[in-house]
Amino acid sequence: MMRRLYVLIICYWIGFACLNAYGSKIEYSVNNLGGSRFEYEYSITNDALAVPIEEFTLWFDVDHYSNLIITTSEPLTSQWNEIILQDTGFGVPIGYDALEQTGGIPISKTLTGFSVSFNWLGIGNPGTQFFEIINPITFETIDSGYTIPVPEPVTLLLIGLGGLLICRKNKS
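Rules used throughout
Residues numbered from 1 in each chain as written. Predicted model: local features only at pLDDT ≥ 70, side-chain atom pairs only at ≥ 80, totals over all residues. Heavy atoms only, no water. Helix = DSSP H or I, 4+ residues; strand = E, 2+ residues; numbered from the N terminus. Buried < 20%, exposed > 50% of the residue type's maximum accessible area, 1.4 Å probe, protein only. Pairing = 2+ DSSP bridges. Axes fitted to C-alpha atoms, helices over the stretch in contact; angles between N-to-C directions.

Engineer: Would you take a moment to explain unusual backbone geometry for this structure?
Structural biologist: For residues besides glycine, phi is generally negative; the peptide bonds are generally trans as well. The residue after Glu74, namely Pro75, is reached through a cis peptide bond having omega 5°. Counting through the fold element by element, Pro75 comes out in the loop between strand E4 (65–70) and helix H2 (76–79). Positive phi, normally seen in glycine, also occurs at Ser108, with a value near 65°. Here Ser108 lies in the loop between strand E6 (94–100) and strand E7 (110–120). Phi at Phe139 takes a positive value of approximately 65°, unusual for a residue other than glycine. Mapped onto the elements, Phe139 comes out in the loop between strand E8 (130–134) and strand E9 (141–146). Overall, the relative accessible area of 64% leaves Phe139 in the exposed class.

This is the structure in structure tokens:
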């Protein structure tokens, strides 16, 4: 039984490492501000790109999001030029774009605090989004992927407690 637990834990961590093996990673948490109004808070990590992240865009499906407002606080608002790319009426997604003014996000660093509020038009709760990391000089996409939710501390605590209880039970 103990051996199965170890195998399960190892598989979990290998899977977690594979999910996070991007050149860049954008994690989000979502807060309900009341009714259908929500806010995403983002953390951007430059895990393996050879250059700092100087610009990124997060895309919002026009069928599920409306009334986007940038809610990022200082000091990020003075360090990054943030804009909302509005719906053109041609089915083009809405975007949130941030362009650095002070050097970007260095390799192996994370920057936290970007946030956008919006009206959620979908069913259930808002989820992952497509993102692009952009070279601000050539406008070339240098990396892309989907945002991932920040793990809830309570979930990690419950997994740890469950593992502890299983270990104690096997020792008895």
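So much for the structure itself; the text now carries on.
Engineer: How should I be thinking about the sheet that holds E9 in this particular structure?
Structural biologist: Strand pairing in a sheet takes place through backbone hydrogen bonds and is either antiparallel or parallel in direction. On the basis of which strands lie adjacent, the open sheet formed by five strands has the order E5-E6-E3-E8-E9 and antiparallel pairing. Only two strands of the sheet have a single neighbouring strand rather than two, namely strand E5 (80–85) and E9. Pairs of neighbouring strands in the sheet enclose a mean axial angle of 15°, with direction left out of account.

Engineer: What's the story with the pairing of E6 in this structure? I'm lost.
Structural biologist: One face of the sheet, then the other: side chains in a regular strand alternate in exactly this way. Burial within E6 is extensive, with six of its seven residues counted as buried. Here E5 pairs with E6 via six bridges, running antiparallel. Within the sheet, the bridge partner assigned to Trp80 lies in E6 and is Glu100.

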